Amino acid sequence: PKIRLKDMILDTQTKDALKKLVREQQSWELLQKHNLQPRRKILLIGPPGCGKTMTAQALAGELGIPVFIVRLDGLISKYMGESISKLRLIFDAMADSRGVYLFDEFDSIGSKRDQGQDVGEIKRVLNSFLINIEKDHSNSIIIAATNLPDSLDPALFRRFDDVIEYPLPTNKEIVATIKKNLLGFHFQSEPDYPALSKKAQGLNYSEIVKSCEETIK
């Protein structure tokens, strides 16, 4: 079944930013009549397991378009120019096939261009990405996701329409996640949600879901 935004437990600010993108995409004809472009290039930052990949799936579900996940670490080739050719093919596909294109683990190419030892091909790929994202005028959604925003090249941030942060869940979101994942199961006594949320402080959504599954088993 398709994931929708209503299926995701997120903090209000994050969800509001995503709803705004969906509203603008659904009203793109009206916006273009006034020479305005809907949001469609977004950077998602935050720790692992907090819903960045699921966001791409939910946006695709809301807009009724497919989602494509691009593994950037698999894109880097030791053969000069091959990585750039692959990247160009992906951007060409955006114009031909409307969809949500998620560039996962974006820091694998997006790190500051003077970092690391073997930076030659990665520098070229990053420069190619910057050129391609600036030239891109398709109606696909481009999402870059990273767990390491501090390592990103500053030139990247201005290429995106929006930067959305994914914090770790608060007590309220922890309780909502536990309740959602225990729904339909009966226990000898009602779980002590406030106590559980205290124990779960510092965990991401993925870890909380896994803990619920272990409890059910």
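In what follows, the structure referred to is the one given above.
Every value quoted in this text rests on a predicted model; they were computed, and no experiment measured them.

Caption draft 1: Broad picture of the overall build of the chain. Each helix and strand counted, the chain has 10 helices and 5 strands in total. For the chain, the spread of C-alpha atoms along the principal axes amounts to about 60 × 50 × 25 Å. The buried share of the chain, reckoned over its 217 residues, is 43%. Only carbon and sulfur atoms are counted for the fraction: they give 52% of the accessible area of the chain, which is about 12,400 Å². Averaged over its 31 positive side-chain charges, the chain has a centre that lies 3 Å from the centre of its 29 negative ones.

Caption draft 2: Fine view of the pattern of salt bridges. Per the stated rule, a full pass over the model turns up 9 salt bridges. The partner of Asp-7 in a salt bridge is Lys-6, with the nearest N and O atoms 3.6 Å apart. Classification of Lys-6 by relative accessible area gives exposed; the value is 69%. Arg-39 serves as the salt-bridge partner of Glu-24, at 2.5 Å between the closest nitrogen and oxygen. Note that Glu-24 is positioned in helix α1 (residues 12-26) and Arg-39 in the loop between α2 (28-33) and β1 (41-45), a separation of 15 residues in sequence. Taken together, the salt bridges that share partners define one network made up of Glu-24, Arg-39 and Asp-162.

Caption draft 3: Geometry of the sheet that holds β1. Taking strand neighbours across the sheet as the criterion, the 5 strands line up as β2-β3-β4-β1-β5 in an open arrangement whose pairing is parallel. Strands with a single pairing partner mark the edges of an open sheet, and in this sheet they are β2 (67-71) and β5 (162-165). Within the sheet, the average angular offset between the axes of one strand and its neighbour, ignoring direction, is 20°. Bridge analysis of β1 against β5 gives 4 bridges, and the strand direction is parallel. The partner of Ile-42 across the bridge, within β5, is Asp-162. With respect to the sheet, α1 is in contact with β1, β4 (141-146) and β5, its orientation differing from that of β5 by roughly 145°.

Caption draft 4: Seen up close, the nonpolar core. Core analysis: the largest hydrophobic core is formed by 25 residues, its most contacted members being Phe-91, Phe-103, Phe-106, Phe-129 and Leu-156. Contributions of two or more residues to this core are made by β1, α4 (82-96), β3 (100-104), α6 (120-135), β4 and α7 (154-157).

Caption draft 5: Spotlight on the packing of aromatic side chains. As enumerated under the stated definition, the model contains 6 aromatic pairs in all. For the ring pair Phe-91 and Phe-129, a centre distance of 5.7 Å and an interplane angle of 70° mean the geometry is edge-to-face. With Phe-91 in helix α4 and Phe-129 in helix α6, the pair connects residues that are 38 residues apart, well separated along the chain. Summarising the burial analysis for this pair, Phe-91 and Phe-129 share the class buried. A connected cluster of aromatic rings, assembled from ring pairs, spans Phe-91, Phe-103, Phe-106, Phe-129 and Phe-160. Looking at Lys-179, its charged tip hangs above the ring of Tyr-193, at a distance of 5.0 Å from the centre.

Caption draft 6: Focus on α4. The terminal C-alpha atoms of α4, which comprises 15 residues, lie 21 Å apart, in line with the 21 Å expected from a rise of 1.5 Å per residue. Among the residues of α4, those classed as buried are Ser-83, Ile-84, Leu-87, Ile-90, Phe-91 and Met-94. In a view along the axis of α4, the buried residues occupy a sector of 115°, so they form one face of it. For α4, the exposed residues set more than 90 degrees away from the buried face come down to Leu-89, Ala-95 and Asp-96.

Quick notes on the rules
Residues numbered from 1 in each chain as written. Predicted model: local features only at pLDDT ≥ 70, side-chain atom pairs only at ≥ 80, totals over all residues. Heavy atoms only, no water. Helix = DSSP H or I, 4+ residues; strand = E, 2+ residues; numbered from the N terminus. Buried < 20%, exposed > 50% of the residue type's maximum accessible area, 1.4 Å probe, protein only. Areas by Shrake-Rupley, 256 points an atom, 1.4 Å probe, with all protein chains shown as cover. Lys, Arg positive; Asp, Glu negative; His and termini not counted. Charge placed at Lys NZ, Arg CZ, Asp CG, Glu CD. Salt bridge = Lys/Arg side-chain N within 4 Å of Asp/Glu carboxyl O. Pairing = 2+ DSSP bridges. Axes fitted to C-alpha atoms, helices over the stretch in contact; angles between N-to-C directions. Contact = heavy atoms within 4.5 Å. Core = buried A, V, L, I, M, F, W, Y, C linked by side-chain atoms within 4.5 Å. Phe/Tyr/Trp six-rings, centres within 6.5 Å; stacked < 30°, edge-to-face > 60°. Lys NZ or Arg CZ within 6 Å of the ring centre and 35° of its normal. Expected span 1.5 Å × (residues − 1). Arc of directions from axis to C-beta.

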